[in-house]
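Chain and residue survey
Here is what each chain is made of, one letter per residue.
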Amino acid sequence: MLENTLPRQRKCYNNDMKQLFEMIAVLVGMYVVYALTMGKWNYTSQARQEQRKTQLKEAGLSVRFYFMHPRTQFLLTLASGGVFTLYWLYKQWSQILRGFKRLDGTPLPGTAWGRALGGWWSFFALANLINRTCEYMQKETSWPSWLWGPVWLGGLGLVFIPVEISYRVAGFIIFCLVPVIFQRRLNTLTSEHISAFPRTVEIIVTLLGAACVTGAVMVWRKFLG
């Protein structure tokens, strides 16, 4: 029986790895398309530069963001079962709402908690705002929200739908990783040293998030599993 089981396990493992590599290939392909099209766009004249800056200011920029070490953010998001992303969104929007500037003076609507809990839509606005501010400050930008947003939400969706474990693990890692990519862009806007050691409140949020996720999984398995 063992001789028959081992080949089947090896075959399943090979299929999982093949599917994981296919997902990675799709993401690489998306980046290549962006890099060869929108990513290669640049200004052609001083007049275009000024016009673009005016467009960015009309859409809105921010002079305040929440800065933290990208590696720390990734590890805390993993350890909290993804819950730390809600806290990250809250901290970003709480800073942005106090530092948002638009050419016509119109403030951003809503609250930081409302935007954090509605992260499935506010993430798109946040990604666009980060890219606009980085572009205005002549820093490197990331993919636009219409590329990263579906990737981020798609990763979360893979965690909950009935697919093979390799897809779920890959989806969870993608969900945790995408906000980190934008945090790396944000960190180019400050010259201050960013410690890799997490703040006390970040540790507390991570522990609470891990406890909530663990409890939810146990309840699911006991009553619905």
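Below you will find a few notes about this structure. This structure is a prediction, so every number in the text was calculated from the model and none was measured.

1. As for the overall build of the chain
Counting its secondary structure elements, the chain contains nine helices and two strands. For the chain, with 225 residues in total, the buried portion stands at 36%. For the chain, restricting intrachain contacts to residue pairs at least 6 apart in sequence, the fraction spanning at least 24 positions comes to 76%. A total of about 13800 Å² of accessible surface is found on the chain, and carbon and sulfur atoms cover 65% of it.

2. Re the side chain of Thr72
Tracing the backbone through its elements, the reader meets Thr72 in helix H3 (residues 70-79). Ignoring anything within four residues of it in the chain, the contact list for Thr72 reads Ala196, Phe197 and Pro198.

3. Overview of the packing of helix H7 (residues 145-160) against helix H8 (residues 165-187)
Across the interface, H7 lies against H8 with an axial gap of 7 Å and an inter-helix angle of 145°. Helix-helix and strand crossings are classified by hand; for H7 and H8 the assignment is left-handed. On H8, the residues that touch Trp148, Val151, Trp152, Gly155, Leu156, Leu158 and Val159 of H7 are Tyr167, Arg168, Gly171, Phe172, Ile174, Phe175, Val178, Pro179, Ile181 and Phe182. Tallied by class, the residues present in the contact of H7 with H8 amount to 14 nonpolar, two polar and one charged.

4. Let's talk about the environment of Leu56
Relative to the elements of secondary structure, Leu56 occurs in helix H2 (residues 46-59). Since its relative accessible area comes to 2%, Leu56 is described here as buried. Separated by 76 residues in sequence, Leu56 and Arg132 have C-alpha atoms that sit 6.1 Å apart. Not counting residues within four places of it along the chain, the set of residues in contact with Leu56 comprises Leu61, Arg132, Glu135 and Tyr136.

5. Details of the side chain of Ser62
Here Ser62 lies in strand E1 (residues 61-62). A polar contact of 2.8 Å, which involves the side chain of Ser62, links it to the backbone oxygen of Arg64. When sequence neighbours within four positions are dropped, the list of residues in contact with Ser62 reads Ile96, Gly99, Phe100, Leu129 and Thr133.

6. So, H7
End to end, H7 covers 23 Å across 16 residues, agreeing with the expected 22 Å (1.5 Å per residue, within 8%). Inspection of H7 places Ser145, Leu147, Trp148, Gly149, Val151, Trp152, Gly155 and Leu158 among the buried residues, and these make up the whole buried set.

7. Section: the pattern of salt bridges
A full pass over the atoms with the stated rule returns four salt bridges. Its salt-bridge partner being Arg199, residue Glu202 comes within 2.6 Å of it at the nearest N-O pair. Accessibility expressed as a relative area gives 1% for Glu202, which makes it buried. With relative accessibility at 38%, the residue Arg199 sits in the partly exposed group.

8. Structural notes on H2
The end-to-end C-alpha distance of H2 is 20 Å, a good match for the 20 Å that 14 residues give at a rise of 1.5 Å each. Two residues or fewer after H2 comes Gly60, characterised by a positive phi angle close to 115°.

9. Some remarks on the packing of aromatic side chains
One pair of aromatic rings is described through two measures. These are the centre distance and the angle between the planes. Summed over the entire model, instances satisfying the criterion amount to seven aromatic pairs. Where Phe123 meets Trp152, the ring centres are 4.3 Å apart and the plane angle is 20°; that geometry is what we call stacked. Taken together, the residues Phe123 in helix H6 (residues 119-136) and Trp152 in helix H7 connect sequence positions 29 residues apart. The same class applies to Phe123 as to Trp152, namely buried. Each member of the aromatic cluster is reached from another via a ring pair, and the members are Phe123, Trp152, Phe175 and Phe182. One residue, Arg115, lies across the ring of Trp93, its end atom 4.4 Å from the ring centre.

Here is what the cut-offs are and how they apply
- Residues numbered from 1 in each chain as written.
- Predicted model: local features only at pLDDT ≥ 70, side-chain atom pairs only at ≥ 80, totals over all residues.
- Heavy atoms only, no water.
- Helix = DSSP H or I, 4+ residues; strand = E, 2+ residues; numbered from the N terminus.
- Buried < 20%, exposed > 50% of the residue type's maximum accessible area, 1.4 Å probe, protein only.
- Contact = heavy atoms within 4.5 Å.
- Areas by Shrake-Rupley, 256 points an atom, 1.4 Å probe, with all protein chains shown as cover.
- Axes fitted to C-alpha atoms, helices over the stretch in contact; angles between N-to-C directions.
- Left-handed = near helix turned anticlockwise from the far one by under 90°.
- Nonpolar A, V, L, I, M, F, W, Y, C, P; charged D, E, K, R; others polar.
- Polar contact = N/O pair within 3.5 Å; in protein donor to acceptor, adjacent residues only side chain to side chain.
- Expected span 1.5 Å × (residues − 1).
- Salt bridge = Lys/Arg side-chain N within 4 Å of Asp/Glu carboxyl O.
- Phe/Tyr/Trp six-rings, centres within 6.5 Å; stacked < 30°, edge-to-face > 60°.
- Lys NZ or Arg CZ within 6 Å of the ring centre and 35° of its normal.

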